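Chain residues, written in single-letter form:
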Amino acid sequence: MDLNSAQASPVLTDPSPLNKSRLGIHSSLFPYSQSGPSFSTSVLSIPRKKPAKLDDVRSNGWLDAMKSSSPPRKKIQKDVNIDVSSDDADVNYLSWMIKYPSALNCFQQIMRQARNKQIVIFLDYDGTLSPIVDDPDRAFMSNEMRSVVSNVAKYFPTTIISGRRRDKVYELVGLTELYYAGSHGMDIMLPIKNTLSANDSNCIKDTDQQGKEVNLFQPARKFLSMIDEVFKTLVEKTKDIKGAKVEHHKFCASVHYRNVDENNWSLIAQYVHDVLKDYPRLRLTHGRKVLEVRPDIDWDKGKAVEFLLKSLGFSNPRDVLPIYIGDDRTDEDAFKVLRGKYEGYGILVSTTPKESNASFSLKDTSQVKMFLECLAKTMEVDDI
Ligand SMILES: O=P(O)(O)OC[C@H]1O[C@H](O[C@H]2O[C@H](CO)[C@@H](O)[C@H](O)[C@H]2O)[C@H](O)[C@@H](O)[C@@H]1O
């Protein structure tokens, strides 16, 4: 995808009230009533977690953060159909949805906001396009999801922003028509003509998988060898902990504890803490059953979204409606940016209630697929 095609992407211009038939969206794509849950109950207040303290990994703060970083598997596998009487968890979830309504239920509202604006899509990978699985090397997205994302990208500039290394996430998604940002936005690939800071020292020329010249924007370039070193140290330190896995994401490193016995989580935390003590220019972030070590620079998925919007020619918030779908704490930085001056929409993918900067929610990857299908369908109808 190049700048020209991105700028020429269709803008929703229909001033008439949107409705399902006008958009050609089959009612089966709207799994819940458009009016949202009909019970009345107050919004649950979900306490915000204090950031973990590094100086005491055994403090409840850090270990609690590790424990609560991803819902237990039984919750992930639960039927997505809403059944208010089923149990307390469902009631809590429905209450939470008053504050974070389903993006499917609110699809028409989102489309109304998009009138005369260019929709730009940002998608996280793990937990958003591919379901969370025990082995990070087996987190594949389905062919159906791939085809829906490809359809969406025909009409809307679409970027995958992942914590994984860029080449790995490209390999997993396998669509050439998208933009890719790896290492939590610290590695952005753009066509040669539209990199905002081509003269910036953070920007280098390279070729993409098809041999086309591209620009890479890499604000943490200086940390390459440091991350390499830290990766090796973490592998060495954790090698005897059964189930621990360390991933090298080029500009950050991840230590997974999903498959580690909970009794050993404090050990994992201690090792990561020790390493961070030796590298004061690195910092820790929490993902889903993963501790991530990354450069302590003023850059995150939110900054990456702003950079991409500007680079792609959508710097005027009046002309653009950015939509970001993600499930992770690291996606919160992007949700915050969208909520601010862009008046865009963050959509949190979650099976459990949690405090978020997102405006809407989706329960799981199958609902993400439905939402993307709805988006593509709105434009397919206009194509006829
Ligand atoms: O930004 P993302 O694309 O969401 O990447 C965040 C992390 O995703 C991966 O880990 C998560 O998914 C794994 C596969 O489902 C799961 O096993 C793990 O517990 C999750 O944390 C990836 O492996 C990490 O390196 C990314 O940082």
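The structure we're discussing is the one just above.
Description of the structure in this document.

Thresholds, definitions, all that
Residues numbered from 1 in each chain as written. Predicted model: local features only at pLDDT ≥ 70, side-chain atom pairs only at ≥ 80, totals over all residues. Heavy atoms only, no water. Buried < 20%, exposed > 50% of the residue type's maximum accessible area, 1.4 Å probe, protein only. Helix = DSSP H or I, 4+ residues; strand = E, 2+ residues; numbered from the N terminus. Right-handed = clockwise from strand over helix to strand, strands pointing away. Pairing = 2+ DSSP bridges. Expected span 1.5 Å × (residues − 1). Contact = heavy atoms within 4.5 Å. Salt bridge = Lys/Arg side-chain N within 4 Å of Asp/Glu carboxyl O. Near = heavy atom within 4 Å. Polar contact = N/O pair within 3.5 Å; in protein donor to acceptor, adjacent residues only side chain to side chain. Areas by Shrake-Rupley, 256 points an atom, 1.4 Å probe, with all protein chains shown as cover. Phe/Tyr/Trp six-rings, centres within 6.5 Å; stacked < 30°, edge-to-face > 60°. Lys NZ or Arg CZ within 6 Å of the ring centre and 35° of its normal.

1. Quick look at the pairing of strand E12 (residues 345–349)
- In terms of burial, E12 is a largely internal element, five of the five residues being buried.
- Side chains Tyr345, Ile347 and Val349 project from E12 onto one buried face, and the interleaved Gly346 and Leu348 project onto a second face that is buried too.
- After leaving strand E11 (residues 320–326), the chain enters helix H12 (residues 332–339) and then returns to the sheet as E12, a path that is right-handed.
- The sheet contact formed by E12 and strand E13 (residues 360–362) spans three bridges and is parallel. Directly across from Val349, in E13, lies its bridge partner Leu362.

2. Overview of helix H5 (residues 88–99)
- When the terminal C-alpha atoms of H5 are compared, their 18 Å separation across 12 residues agrees well with the 16 Å that a helix rising 1.5 Å per residue should span.
- On its buried face, H5 sits against E12 and E13.

3. A short note on the pattern of salt bridges
- A full pass over the atoms with the stated rule returns 16 salt bridges.
- Asp167 serves as the salt-bridge partner of Arg165, at 2.9 Å between the closest nitrogen and oxygen.
- Since its relative accessible area comes to 25%, Arg165 is described here as partly exposed.
- By relative accessible area, Asp167 is classed as partly exposed at 37%.
- Between Lys232 and Asp228 there is a salt bridge, with the nearest N and O atoms lying 4.0 Å from each other. Taken together, the positions of Lys232 and Asp228, both in helix H9 (residues 224–238) and four residues apart, correspond to about one turn of that helix.
- When its relative accessible area of 54% is taken as the criterion, Lys232 is described as exposed.
- Residue classification places Asp228 among the partly exposed residues on the basis of a relative accessible area of 31%.
- When salt bridges with common partners are traced through the structure, they connect Asp124, Lys301 and Asp331 into a single cluster.

4. A word on the site of the ligand
- In the vicinity of the ligand there are 22 residues, among which Val133, Glu247, His249, Arg288 and Glu292 approach most closely.
- Between the ligand and the protein, one listed contact pairs an oxygen atom with a side-chain N or O atom of Arg258 at 2.6 Å.
- At a separation of 2.8 Å, an oxygen atom of the ligand approaches a polar side-chain atom of Lys301.
- Here the ligand has 570 Å² of accessible area as a free molecule, and 99% of this is covered by the chains.

5. Some details on unusual backbone geometry
- The backbone phi angle of Asn116 is positive, close to 65°, even though this residue is not glycine.
- Take Asn116: it is sitting in the loop between helix H6 (107–113) and strand E1 (118–123).
- Classification of Asn116 as exposed rests on a relative accessible area of 53%.
- Residue His184 is not a glycine yet carries a positive backbone phi of 55°.
- Position of His184 among the secondary structure elements: in the loop between strand E3 (179–182) and strand E4 (187–191).
- Residue His184 is classed as buried on the basis of its relative accessible area, which comes to 2%.

6. Observations regarding the packing of aromatic side chains
- Counted according to the given criterion, the structure contains 12 aromatic pairs.
- Ring geometry for Phe107 versus Phe371: centroids 5.6 Å apart, planes at 80°, classification edge-to-face. Remark: Phe371 occurs in helix H13 (residues 365–383) and Phe107 occurs in helix H6; sequence separation between them is 264 residues. Of the two residues examined, Phe107 and Phe371, each falls in the buried class.
- Pairing Trp299 with Phe307 gives two aromatic rings, centres 6.1 Å apart and planes at 70°, and the pair type is edge-to-face.
- Note on Phe307: relative accessible area 5%, which makes it buried.
- Put simply, the rings of Tyr93, Trp96 and Tyr100 touch in pairs and so form one group of aromatic residues.
- Its guanidinium or amino end placed over the ring of Tyr93, Lys363 lies 4.2 Å from that ring's centre, counting from NZ or CZ.

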